[in-house]
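Examination of the molecular architecture
Each chain, written out:
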Amino acid sequence: MNNFLVIDKNDNVMVALMDLKAGEVVNGVTLLNDVPRAHKIALVDIKKGENIIKYNAAIGHAKEDIKAGTHVHVHNIVTNLSDKISYSYTPKFENVESHIVSKTVNVFKRKNGEIGIRNELWVIPTVGCVTAQAKAIVKKFQNENDLSMIDGVFTFAHPYGCSQMGDDHENTKKSLQNIVKHPNAGGVLVLGLGCENNQVAAFKETLGEYDESRIKFLIIQEVADEISEGVKILSSLLEEMKNDVREEMPISCLKVGLECGGSDGFSGITANPLIGKFSDYLILNGGTSVLTEVPEMFGAETILMRRAKDEETYHKIVGLINDFKDYYKKHDQVIYENPSPGNKKGGITTLEDKSLGCTQKAGSSNVIDVLKQTDLIKNKGLNLISAPGNDLVATTVLGMAGCHLVLFSTGRGTPFGGFIPTVKISTNSDLAGRKPNWIDFDAGRLVGQKTMDELAIEFVDFIVEIVNGKKTRNEINDFREIAIFKSGVTL
């Protein structure tokens, strides 16, 4: 196996595929420093102010003269990005193809025509005050019932639903409404307190159409024993669910979220391109994928803009990017204060470096639609949705939009899971070997072991298994969380 990788012939840096020592000759260049795995090395002499090129794109410029063989990182590169910029619509559509055979999946058909990949029973608190009661109801119900015919009973804690105003309150309500109606749940108990801002009556008024046999409500201030009452309601929902069975459907029925967290220098080389291959495959077969984490598009946003299906969609992408920059400025924060310390330790230097790797999860498909944070997916194909880079918030937003599962690449490792199956894909095999209890799929094998075509076929088969009921590591570990985005004041 080579100990280096030049990603594009126009790059002026290469990536170390293993820890390298000063004095070693790599790709004809003598190393002037020790270079950690996944970090960059200058291929040629680079003058102060000259762009550093990786992925055939500028990831920043040199702060000083850099000699060939030098470790290229935060000490000698600075970002090219600054504040809001002007864009223009210059469409450039790519030829997208896939030789992977179309698959079918086994899913649960819901009354409204939606499909779920799990048949779970959920307790959703309208307000943080009733989180303990929700947990107690779930625990008692689990202890008293045979749940082998469904995929489990879960509750998702959050601290909101009261002491919020205006848009912040509406965002919490809409977020919870979207979760309540998610098709991975075959039954839902909405649990309210009775005096919170997020009143059950108002919640129901704007919930829209729903299956009253599958979504029930309980206000605990109005009953003597909320635990027993909650258990009774869950029992009635279980009766509705226990005869639900999986049915075969084309893979086009799937809606898949695309995300990354704890990225490293391999993210844009292995896991993210693999996810991009899957996204293109799914879309070519009539399915849907959704990319988020808007701040991690900064520096690579024009790649997505030129793939907008039309000028209207292009302007939506511009709005998506600039709205998030305005959010940073409103709070007097630096727009490009990214990547994180863990990203930097893993070999990512600037936000451009990170974003050019992150956006590869979207493959090469055209952007069909751009969604606001609490919007539901309306159109098949590649969608973008507004959410921050925070892993828990972004995963929650993808689930709220209607994604059945999330494909989550990571180079540093992270154990969390969302309220929908969260498939962890390691960018390097070392992480997969050290953290098998966190990682579902090892994309690090793309470095010296498998070709992209070989691993993509394996990955599609693996995702089909997950959809058909194989549990992800977050499900096995019972790591299931929601995090609702908050931008307003607390009373």
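Structure's up top.
About the thresholds
Residues numbered from 1 in each chain as written. Predicted model: local features only at pLDDT ≥ 70, side-chain atom pairs only at ≥ 80, totals over all residues. Heavy atoms only, no water. Pairing = 2+ DSSP bridges. Helix = DSSP H or I, 4+ residues; strand = E, 2+ residues; numbered from the N terminus. Axes fitted to C-alpha atoms, helices over the stretch in contact; angles between N-to-C directions. Left-handed = near helix turned anticlockwise from the far one by under 90°. Contact = heavy atoms within 4.5 Å. Nonpolar A, V, L, I, M, F, W, Y, C, P; charged D, E, K, R; others polar. Salt bridge = Lys/Arg side-chain N within 4 Å of Asp/Glu carboxyl O. Buried < 20%, exposed > 50% of the residue type's maximum accessible area, 1.4 Å probe, protein only. Core = buried A, V, L, I, M, F, W, Y, C linked by side-chain atoms within 4.5 Å. Phe/Tyr/Trp six-rings, centres within 6.5 Å; stacked < 30°, edge-to-face > 60°. Lys NZ or Arg CZ within 6 Å of the ring centre and 35° of its normal.

This part covers the sheet that holds strand β2 (residues 13–16). One open sheet accounts for four strands, arranged β1-β2-β5-β8; its pairing is antiparallel. If you trace the sheet from one side to the other, it starts and ends with β1 (4–5) and β8 (71–72), each paired once. Bridge analysis of β2 against strand β5 (residues 40–42) gives three bridges, and the strand direction is antiparallel. When the bridges of β5 are listed, V13 appears paired with A42.

This part takes up the sheet that holds strand β12 (residues 120–125). The strands making up a sheet associate through hydrogen bonds between their backbones, and the pairing can be parallel or antiparallel. With respect to topology, four strands assemble into an open sheet ordered β13-β12-β14-β15, the strand pairing being parallel. Either end of the sheet is taken by a strand with one partner, and the two such strands are β13 (153–155) and β15 (215–219). Recorded for the sheet is a direction-independent mean angle of 20° between the axes of neighbouring strands. The pairing of β12 with strand β14 (residues 185–192) spans six bridges and is classified as parallel. In the strand pairing of β14, I124 is matched with V190.

Before going further, it helps to examine the packing of helix α5 (residues 271–284) against helix α12 (residues 452–467). Following both chains from N to C, one finds α5 and α12 inclined at 65°, their axes separated by 10 Å at the closest point. Crossing of α5 over α12 shows right-handed handedness. Along its contact with α5, which presents P273, L274, K277, F278 and Y281, the element α12 presents M452, L455, A456, F459, V460 and I463. Per-class residue counts for the contact of α5 with α12 are ten nonpolar, no polar and one charged.

What follows concerns the pattern of salt bridges. Per the stated rule, a full pass over the model turns up 24 salt bridges. A salt bridge links D353 to K40, with the nearest nitrogen and oxygen atoms 2.9 Å apart. You can see D353 sitting in helix α9 (residues 351–358) and its partner K40 sitting in strand β5, a full 313 residues away along the chain. Residue K40 is classed as buried on the basis of its relative accessible area of 0%. When the shortest N-O distance is used, the salt bridge between K242 and E239 registers 3.0 Å. Looking at K242, the relative accessible area reads 34%, which means it is partly exposed.

What follows deals with the nonpolar core. The biggest cluster of nonpolar side chains holds 57 residues, and the ones touching the most others in it are L254, F278, L405, L407, I425 and I463. Ranked by residues supplied to this core, first place goes to α12 with nine residues. Contact partners of L254, with chain neighbours within four places excluded, come to V105, I115, I117, L282, G287, T288, H404 and V467.

Another aspect to go through is the environment of G268. By secondary structure assignment, the location of G268 is in the loop between β17 (255–260) and α5. Taking the relative accessible area as the measure of exposure, G268 reaches 6% and is therefore buried. Residues G268 and V464 lie 196 residues apart in sequence; the distance between their C-alpha atoms is 24 Å. Residues in contact with G268, not counting those within four places in the same chain, are Y55, P273, G357 and Q360.

So, on to the packing of aromatic side chains. Applying the stated rule across the entire model yields 15 aromatic pairs. Ring geometry for F441 against F462: centres 5.4 Å apart, planes inclined by 45°, an arrangement best described as tilted. In this pair, F441 is assigned in strand β23 (residues 441–442) and F462 in helix α12, connecting sequence segments 21 residues apart. What makes F441 buried here is its relative accessible area of 4%. Take F462: its relative accessible area is 9%, and that puts it in the buried class. In this structure, K204 packs its charged tip against the face of F217, placed 4.8 Å from the ring centre. Sitting over the ring of F154, R480 keeps its end group 3.6 Å from the ring centre.

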